[in-house]
Amino acid sequence: MHCSKLIVSLFSSAIVCGIAAAQQPVLNLDRSLGPARVGVSGDLTKDYTLQVTTNQMASWDFLLKLTLTNSPQNWFDSSSVVAPMRFYRALESAEPVEIGSDFRLTDHLGRSHELFYYQNDPSVQTNIRAITLIFTGNGCAKIREMLPTIKALTTKFTPQGVLFWLIDSNQQDNRSNIVAEAASLGINSSLPILHDAAQLVARAYHAATTPEAIAIDMIDASIFYRGAIDDRLASNTVATTQSYLSNALANFLAGQPVSIGRSVPSGCAVAFKPSFTNISYSTEIAPLLQAKCIRCHSPGNIAPWSMTNYNVVADHTYEIRREIRAGRMPPWHADPAYGTFTNDFSLKPGEAAKLAQWLEDGAQRGSGPDPLATEITTINYPFAWPTNLGQPDVIYRIPLQNIAATGVDNNGSYRTPVVVNTLIPSNVWLRAAVVRPGNIKVVHHCLVFDGSTGPLAGLDGFFAGYVPGANPSLFPTNTGKFLTNGQVLTFQMHYVTIGTSQTDQTELGLYLSPTAPTYPLQTKSAYNLGISIPPNSAQYQTTAQLPASGNLTTNILLYDLEPHMHFRGNWFKFEVVYANNIHETLLSVPNYVFRWQSTYRLTQPKYIPKGAHILCTGGYDNTTQNADLMDIYSATQDARFLPSRNVFFNQQSYDEMFIGYMNYAEVPGPPP
């Protein structure tokens, strides 16, 4: 590259660099206003990179990338006020357009946010046209300095279709101190702080400074600006302050080229956790996949591909990274800020960070055996009775069911076959009851209960069930369920179609207890039969409580929680409301997914005194932005799944439910 030098002043020089073309870039400098004003002349709409150095024989540092919308186009170097002896040069830029990655994070108020949620329906993109990520961290003085400007930008641009999300990726920050920081700064739901605990988003977006702003076009996920919010050196702006982010958003919304597309942010460094070294596939990654993924990603199981060896995993590195960042895999949906659960198989932040780094570093095989090559899971549940429980004492099988190839099953996607307990000659106590699906391809879920077979089936009396990913176990210590001879057992079967005709004979296995338990285990629910979700609404919320009115008249020991909604279900929360009206969150599911109806088993059973009640709250998304809803509509072409109608309580999955199941025992007082 040929470069010519133009001396502008004693302390500043401009270096002109360009490829022989229609017009080489030309730089001019003006120091009359204080900071150096750099004028760039060249081809309109062409991209240029400005660089700076204090020694032409040393390396050059990036200043900004600009697209010429005028020629000359002027830019103030605010840093030249404190570092006047600087040399500048311009290079033609050939940087590719940067595309943002999808992710899902939970904010400081416990709400879930997914970036690509706003891409699902192009017809509504006029509502949310861009999302601006601003990386933040507790205690950063630059954040406090810039917060009034950030709030002003939110006020100005949110009505025009721009969302602003703060992203906290600092290793030392956790949900509780993020909440405290938000309160001290007066930050509310209009400016959510998303917690990037595993630092996956910061690494994916190459964010290193707080505050650093990244503006993303929600039509194609292209990043049209990244860098500083503005170029102030002190807490206040001056006459020459350049409002990079505001100008970029204004140009974008006006359909004009963004003249400055990248700048250098200043502030505090993102506190990254140290990178992992010498990650071993054999001793670290494969065991992690065995613990978190193999239960579904195994031959014949419900996942679309099986982790049978290293080569298969290496072939799916892109999908694994995408699913982890998007919060879809592993499918565990409890907010970690509330409660701990014995069946939690989510990736912890450190595990997610290690797996992501291994994938990004090229998914190296390394030495050692391949544990996945010998992994066999089809001999365990749901293909066989759970190995931790063994063979049941009694097995009931429903009559053979025929499932249609496509559409909503002609007989209804819900069926209620019945069996009668005649194999056990006397009344018995059960220590466990397990549903084993006969055909996991089509059994979406199954509940077994003693009660009505109508629309209210399963609200109470449910004592065994299956959902994808279920992990059956014994009933809690000192509890059991009573079964009488001749008792009617109703199976609520929910089937899905897969394109070919199928059959199913789901089974119920009963494990008898030799002695009566201390406490009968009860399954009850809080439910609202009066839900009425408006068309095209993402704001509908409802509540229900246990007991249905008033408060508990006995003390209870709570073991399990299970929210139940359908495809429009968005989020769900269980709280205890004590006699003094203090609320305590037991379980929060910020991102409810109908395809994964988990039962959340408390690590420590929760004692709840009489005089309290359990409050369930939930929200629905009845819009075309709901990807789960639109996916099932695409698969079935059933217009009842479209969000253009009111939706009420009923059994079919194109209708809705609001049920919070609970397993508990009535106890005389708190456990010792």
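Our subject is the structure listed above.
Residues numbered from 1 in each chain as written. Predicted model: local features only at pLDDT ≥ 70, side-chain atom pairs only at ≥ 80, totals over all residues. Heavy atoms only, no water.

What follows is about the overall build of the protein. Helix and strand counts for the protein come out as nine helices and 40 strands. Taking the principal axes of its C-alpha atoms as reference, the protein extends roughly 105 × 55 × 50 Å. By sequence separation, contacts in the protein at least 24 residues apart represent 76% of the contacts at least 6 residues apart. Accessible area for the protein stands at about 28400 Å²; split by element, carbon and sulfur atoms hold 53% of it. Looking at charge distribution, the protein has the averaged site of its 44 positive side-chain charges lying 2 Å from that of its 50 negative ones. (Helix = DSSP H or I, 4+ residues; strand = E, 2+ residues; numbered from the N terminus. Contact = heavy atoms within 4.5 Å. Areas by Shrake-Rupley, 256 points an atom, 1.4 Å probe, with all protein chains shown as cover. Lys, Arg positive; Asp, Glu negative; His and termini not counted. Charge placed at Lys NZ, Arg CZ, Asp CG, Glu CD.)

Moving on, we come to the sheet that holds strand S34 (residues 555-564). The four strands lie next to each other as S31-S40-S34-S37, forming an open sheet whose pairing is antiparallel. Edge positions in the open sheet fall to strand S31 (522-527) and strand S37 (600-608), since each of these has one partner strand only. Direction aside, the axes of adjacent strands within the sheet are offset by 30° on average. Across five bridges, S34 lies against S37 in antiparallel orientation. If you follow Leu561 over to S37, its bridge partner there is Tyr600. (Pairing = 2+ DSSP bridges. Axes fitted to C-alpha atoms, helices over the stretch in contact; angles between N-to-C directions.)

Take the side chain of Thr154 next. Within the secondary structure, Thr154 is located in helix H1 (residues 141-157). Given the relative accessible area of 9%, Thr154 is considered buried. Contacts of Thr154, omitting those with residues within four sequence positions, involve Pro159, Phe164, Ser190 and Leu191. (Buried < 20%, exposed > 50% of the residue type's maximum accessible area, 1.4 Å probe, protein only.)

Taken together, the buried positions of helix H7 (residues 317-325) are occupied by Ile320, Glu323, Ile324 and Arg325. On its buried side, H7 packs onto strand S9 (104-107), helix H3 (200-204), helix H6 (310-315) and helix H8 (349-360). Among the residues trailing H7, Gly327 stands out with phi positive, at a value near 75°.

In the structure shown here, the tally under the stated rule is one disulfide. There is a disulfide in this structure between Cys140 and Cys268, and the S-S distance comes to 2.2 Å. In this structure, the disulfide formed by Cys140 and Cys268 twists by about 95° around the S-S bond and is classed as right-handed. Here Cys140, found in the loop between strand S11 (130-136) and H1, pairs with Cys268, found in strand S18 (residues 268-269); they are 128 residues apart in sequence, far enough to count as distant. In this structure Cys293 is a free cysteine whose sulfur lies 8.8 Å from that of Cys296, the closest cysteine sulfur available. (Disulfide = S-S within 2.5 Å.)

Counted under the stated rule, the structure contains 25 salt bridges. The partner of Glu92 in a salt bridge is Lys46, with the nearest N and O atoms 4.0 Å apart. Of this pair, Glu92 sits in strand S8 (residues 86-92) while Lys46 sits in the loop between strand S4 (36-41) and strand S5 (47-53); the two residues are 46 residues apart in sequence, bridging distant segments of the chain. Take Lys46: its relative accessible area is 24%, and that puts it in the partly exposed class. Here Lys292 ties to Glu351 by a salt bridge, and the two come within 3.6 Å at their closest N and O atoms. Taken as a pair, Lys292 in helix H5 (residues 281-292) and Glu351 in helix H8 lie far apart in primary sequence, 59 residues in all. Classification of Lys292 by relative accessible area gives buried; the value is 11%. The exposure class of Glu351 is partly exposed, given its relative accessible area of 26%. (Salt bridge = Lys/Arg side-chain N within 4 Å of Asp/Glu carboxyl O.)

We now examine the pairing of strand S16 (residues 223-227). The two faces of a sheet get side chains in turn, since along a regular strand they alternate between them. Where burial is concerned, most of S16 is hidden: five out of the five residues are buried. One ladder, built from four bridges, connects strand S15 (residues 212-217) with S16; its direction is antiparallel. When the bridges of S16 are listed, Ile216 appears paired with Ile223. Connecting S15 to the antiparallel partner S16 that follows it, the hairpin turn spans five residues, and Ala221 within it adopts a positive phi of roughly 65°.

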